[in-house]
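One-letter residues, chain by chain:
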Amino acid sequence: MKVNNIEKKGEMHLAIYDDAEVFENDDGEKGGAAKGIIQGVIEDVETGSVTYTFELPDGTYAIGIFVDKNYNNKMDRNLFGVPKEQFGFSNNAKGNFGPPSFEDASFTVSNDMKLEINL
């Protein structure tokens, strides 16, 4: 998987979800492991692109990402709730007033596959 267009260095929070309810209700208030997240990454990134490799069993998943530029372990938002830090989702899905639906962001794994997510 390749994540593109990282504009500012920070801490990449990437989560792979196998649970639609967890995905759709995760607003980035707390980084790290949680039920419904089967794999992920939390590590420093520079500007540009970064590539990750995951081994997942066949199934349906969705990915959520944000770059925590101030290292406070959450996605910062303005007074209106709009994210102030870069974020993205698998399928480059977009949400209205929150994350996209699991259906819009989900993909099915079978054999080898490559994904690209643009922040």
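Residues numbered from 1 in each chain as written. Predicted model: local features only at pLDDT ≥ 70, side-chain atom pairs only at ≥ 80, totals over all residues. Heavy atoms only, no water.

Section: the pairing of strand β1 (residues 2-6)
(1) Moving on: Relative to strand β4 (residues 48-51), β1 runs antiparallel, the two being bridged by three bridges. Of the residues in β4, the one forming a bridge with K2 is T51.
(2) Moving on: Pairing of β1 with strand β8 (residues 116-118) involves three bridges; the strand directions are parallel. What sits directly across from K2, in β8, is E116. (Pairing = 2+ DSSP bridges. Helix = DSSP H or I, 4+ residues; strand = E, 2+ residues; numbered from the N terminus.)

Some words on the nonpolar core
(1) Moving on: Grouped together as the largest cluster of nonpolar side chains are 20 residues, with contacts concentrated most on V3, I6, M12, L14, Y52, I63 and I65.
(2) Moving on: Elements supplying a minimum of two residues to this core: β1, β2 (10-17), β3 (37-45), β5 (59-68) and β7 (107-109).
(3) Moving on: Filtering out sequence-adjacent residues up to four positions away, I63 remains in contact with M1, L14, A15, I16, F23, G88, F89, S90, F107, L115 and I117.
(4) Moving on: With nine residues, the next largest nonpolar core counts A15, Y17, F23 and A105 among its residues. (Core = buried A, V, L, I, M, F, W, Y, C linked by side-chain atoms within 4.5 Å. Buried < 20%, exposed > 50% of the residue type's maximum accessible area, 1.4 Å probe, protein only. Contact = heavy atoms within 4.5 Å.)

Notes on the sheet that holds β1
(1) Moving on: Judged by pairing direction, the sheet is mixed, and its three strands sit side by side in the order β4-β1-β8 without closing on themselves. At either end of the open sheet lies a strand with only one pairing partner, and these are β4 and β8. Recorded for the sheet is a direction-independent mean angle of 20° between the axes of neighbouring strands. (Axes fitted to C-alpha atoms, helices over the stretch in contact; angles between N-to-C directions.)

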